[in-house]
Amino acid sequence: MKHNKLLDCTLRDGGYINEWNFGFHTIRDIIRKLVNSQVDYVEVGFLRDCKYDCGKTLFNSCAEIAPILPEKRGNTMFTAMALHNKYDISKLEPYDGKTIDAIRVTFHDYDIDEGLNFIQKVKEKGYKVFCNPINIMGYSDEMILRLLKKVNAIKPYAFSIVDTFGSMMKSDLQRIYSLVEHNLDKSIIIGLHLHENLALSYSLAQEFIAMKASERQSVIDASMLGMGRVPGNLCLELIMDYMNKSQGGTYDVNPVLDGIDDHIAHLKQIEPWGYSTAYALSAKYNLHRNYAEFLLGKGRLRAKQINQILASVEENKKTAYDEAYIENLYERFQNHEVDDREVLIRLADEWRGKTILILAPGSSIVDKKNVVDLFIEQKKPIIISANFIPELYRQDYVFCSNAMRYSAMEDKCDLEKLLVTSNLTDVCGTKNFLNYADLCLDDNGKCDNCVIMLMKLLLKVDISQVYVAGFDGYQSTKCNYVASYMTNQHTKGLEENIRNTKYVSDIRKKMKVVFVTPSLYDKSGE
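Rules used throughout
Residues numbered from 1 in each chain as written. Predicted model: local features only at pLDDT ≥ 70, side-chain atom pairs only at ≥ 80, totals over all residues. Heavy atoms only, no water. Helix = DSSP H or I, 4+ residues; strand = E, 2+ residues; numbered from the N terminus. Buried < 20%, exposed > 50% of the residue type's maximum accessible area, 1.4 Å probe, protein only. Contact = heavy atoms within 4.5 Å. Lys, Arg positive; Asp, Glu negative; His and termini not counted. Charge placed at Lys NZ, Arg CZ, Asp CG, Glu CD. Salt bridge = Lys/Arg side-chain N within 4 Å of Asp/Glu carboxyl O. Patch = residues over 30% accessible without salt bridge, like charges linked within 9 Å, V, L, I, M, F, W, Y side chains within 5 Å. Areas by Shrake-Rupley, 256 points an atom, 1.4 Å probe, with all protein chains shown as cover. 1 Å grid on protein atoms, 1.4 Å probe; cavity = no way out; pocket = protein on both sides within 12 Å on 5 of 7 lines; lining within 4 Å. Points joined across faces, edges and corners; volume = space filled by probe spheres on them. Axes fitted to C-alpha atoms, helices over the stretch in contact; angles between N-to-C directions. Parallel < 35°, antiparallel > 145°, perpendicular 65-115°, else oblique. Left-handed = near helix turned anticlockwise from the far one by under 90°. Nonpolar A, V, L, I, M, F, W, Y, C, P; charged D, E, K, R; others polar. Core = buried A, V, L, I, M, F, W, Y, C linked by side-chain atoms within 4.5 Å. Phe/Tyr/Trp six-rings, centres within 6.5 Å; stacked < 30°, edge-to-face > 60°. Pairing = 2+ DSSP bridges.

Asker: Sorry if this is basic, but what is going on with the overall build of the chain here?
Answerer: Looking only at helices and strands, the chain features 21 helices and 18 strands. Across its three principal axes, the chain shows a C-alpha extent of roughly 85 × 45 × 45 Å. Across the 526 residues of the chain, 57% fall into the buried class. A sequence separation of at least 24 residues applies to 71% of the contacts in the chain between residues at least 6 apart. Side chains of the chain carry 65 positive and 70 negative charges; the gap between the two charge centres is 1 Å.

Asker: Is there a simple way to explain the pattern of salt bridges in this structure?
Answerer: Opposite charge on two side chains makes pairing possible when the charged atoms of those side chains draw close. This structure, assessed with the given rule, holds 32 salt bridges. One salt bridge in this structure joins D373 and K369, with 2.6 Å as the shortest N-O distance. Residue D373 and its partner K369 are both found in helix α17 (residues 369-379); the two are separated by four residues, about one turn of the helix. Residue classification places D373 among the partly exposed positions, given a relative accessible area of 30%. The exposure class of K369 is partly exposed, given its relative accessible area of 26%. A salt bridge links R499 to E495, with the nearest nitrogen and oxygen atoms 3.5 Å apart. Here R499 and its partner E495 are both found in helix α21 (residues 493-507), four residues apart, which amounts to about one turn of the helix. Residue class for E495 comes out partly exposed when judged on its relative accessible area of 43%.

Asker: Help me out: how do you make sense of a nonpolar patch on the surface in this one?
Answerer: Together, V366, L392 and V482 make up a nonpolar patch on the protein surface, roughly 220 Å² of accessible area in all. Its location among the elements puts V482 in the loop between β17 (465-469) and α21.

Asker: What is the right way to read the layout of surface pockets from this model?
Answerer: Any empty space left between atoms is shown by rolling a water-sized probe over those atoms. Empty space within the second largest pocket amounts to approximately 730 Å³. Counting residues per element, the ones that place at least two in the lining of the second largest pocket are α1 (10-13), β4 (77-83) and α12 (289-298).

Asker: Would you explain the packing of helix α5 (residues 112-124) against helix α6 (residues 141-154) in this entry?
Answerer: When two helices pack together, their arrangement is given by the angle between their axes and by how far apart the axes lie. Running from N to C, α5 and α6 cross one another at 20 degrees; their axes reach a closest spacing of 10 Å. The pairing of α5 with α6 is recorded here as roughly parallel in orientation. Here the hand of the crossing between α5 and α6 comes out right-handed. Here I112, D113, L116, I119, Q120 and K123 of α5 lie close against α6, whose contacting residues are L147, K150, V151 and I154. A breakdown of the residues in the contact of α5 with α6 according to their chemical character gives six nonpolar, one polar and three charged.

Asker: Where do I start with the nonpolar core in this structure?
Answerer: Generally speaking, soluble globular proteins have nonpolar side chains that are buried together. Formed by 140 residues in total, the largest nonpolar core has its most connected members in V44 and W351. With eight residues, helix α20 (residues 450-460) is the largest single contributor of residues to this core. Discounting chain neighbours no more than four positions away, the residues touching W351 are I356, I382, I384, Y397, L419, L457, L458, V461 and I463.

Asker: Explanation requested: the side chain of D448 in the structure shown.
Answerer: Secondary-structure assignment places D448 in the loop between β16 (445-446) and α20. Accessibility expressed as a relative area gives 9% for D448, which makes it buried. Among residues more than four places away in sequence, those in contact with D448 are R300, Y330, S401, Y436, C440 and M453.

Asker: Even after reading the chapter, I still don't get the environment of C9, so can you show me in this structure?
Answerer: Position of C9 among the secondary structure elements: in the loop between β1 (4-8) and α1. In sequence terms C9 and A80 are 71 residues apart; their C-alpha atoms lie 9.1 Å from each other. Excluding anything up to four places from it in sequence, C9 contacts G14, E43, H193, A222, S223 and N233.

Asker: For this particular structure, what's the right way to read the packing of α12 against helix α13 (residues 303-311)?
Answerer: Interhelical geometry of α12 versus α13 gives an angle of 140 degrees and a closest axis separation of 11 Å. Put simply, α12 runs oblique to α13. Crossing of α12 against α13: the hand is right-handed. Contacts from Y291, A292, L295 and L296 of α12 reach α13 at I306, I309 and L310. Within the contact of α12 with α13, the residues separate by chemical class into seven nonpolar, no polar and no charged.

Asker: Any chance you could explain the packing of aromatic side chains here in plain terms?
Answerer: Geometry of an aromatic ring pair is reported as the spacing of the ring centres plus the angle between the planes. Counted according to the given criterion, the structure contains 15 aromatic pairs. For the pair Y52 and F59, a centre-to-centre distance of 6.2 Å together with 35 degrees between the ring planes defines the contact as tilted. A centroid spacing of 6.4 Å and a plane angle of 85 degrees characterise the contact between F294 and Y330, whose relative ring orientation is edge-to-face. Taken together, the residues span a long stretch of sequence, with F294 in helix α12 and Y330 in helix α14 (residues 323-334) at a distance of 36 residues.

Asker: Looking at this model, I keep getting lost on helix α8 (residues 201-211). Mind explaining?
Answerer: Turn by turn, an α-helix covers 3.6 residues, leaving residues three or four places apart pointing in a common direction. Within the span of α8, buried status applies to S201, L204, A205, E207, F208, I209 and M211. The secondary structure elements touched by the buried residues of α8 are β1, α7 (170-183), β8 (189-193), β9 (218-222) and α9 (236-247).

Asker: Explain the sheet that holds strand β10 (residues 356-359) here, please?
Answerer: Within the open sheet, the seven strands sit side by side as β14-β13-β12-β11-β10-β17-β18. Their pairing is parallel. What marks the edges here is a single partner per strand, and that holds for β14 (433-434) and β18 (512-515). Looking at chain direction, strand β12 (residues 397-400) and strand β13 (residues 418-421) are connected through three bridges and run parallel. Bridge pairing links F399 to L419 in β13.

The values are spatial; any link to function lies outside them.
This is the structure in structure tokens:
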């Protein structure tokens, strides 16, 4: 009997990428290929209170799972995962040997007893049960020992070391494994679930195998191509090959490689999982991954700034995600208040009675250059560029509100004509600072789009009309910017279009806005 086994979690953990919508025939083919590869366990998805869709790997009951399972199972066992507070245990049928063999149950450090009670009920229905405590890196040694004592009392099939936030290092694994190995009932299998935040999952899996000196069985989780919620999981094909070479394994990697080519690789187009600096930083501080996602979603922060914000998350806020809390941290970080009265008075004097043209970095300023050139020739406007220095046009002022954009142009800027929002006081040497909060916050909430903020600045200095070029709006079918470095993969296109359109409409109630180039935000003619 081999002591180290593999569990594939592609259809469950990978489902975070495509909302578990693999398609019925794809689900069946992935399972068939995994069985042919001789993987030991296949996790087919979630048991969850949901509306059943045969093309998704979300199920209300084992009866809904049965149609995707092959007649010939070989030695493969099938399992599903259930969060104790997201699945009504009364819907779970007694085990009959015809569908899944095991259920993996998760719970947090604040609802351990509820989770273990759920495990006991699943066990009573005849299933093998995996105990998967979320974020074991957040447990002290004393907490782990108390948990193991409770686990031993109900004797589940397996207990998993789950590195939820991907923050585990070699020394952490050695410490936690030693505690589990020496204090967990010898009949219980030890599992390992790793994430790729620190690009360590493959090496940690090898370390786990090397340190496991006992005869106790173990189960290592992995997924095809590492598919899973960004940054992903241990790659099944890699650990299979390693175990074949080092452990005398008999896994057939070829069906897995075929499955990756046929069904998995193209899904990276939805959201490319893999190592990311922001998720590495969230792991560094052992934080809930949603904090990194929130800051990435802003699309306007450098990795250094994300690091600074995440470093300030308090200990009692790390495990359970609190969006209002991280929003507050973000606002405090961005809003370095300055006294900008003298700057505003000077700008009002310089711009009074002048034609103002905002030059945004949309691709239309290249496509429609003849139109923009003609406008500039006829109107001779003061040109204010927004978060970039145009190569094809002159600019009289540069307005900047974004650290990444400033970094790209700081060596080209004339500081006397550079207008910068106060969230950049630590990176910019200009004297022309403007209060960030005054320009991005109002009664409608928060909008940190540079052009919208610049329009608000014009309103503050009593400008009654502005012309705009290059404020195109986001389209998925074209290049949206004049330069590739400006492209931001985290931009929420449709959502951004809706929000900016509303802001332009509101600003038009106070100031005339004329678009020189076409814009999705221009609804004046509708």
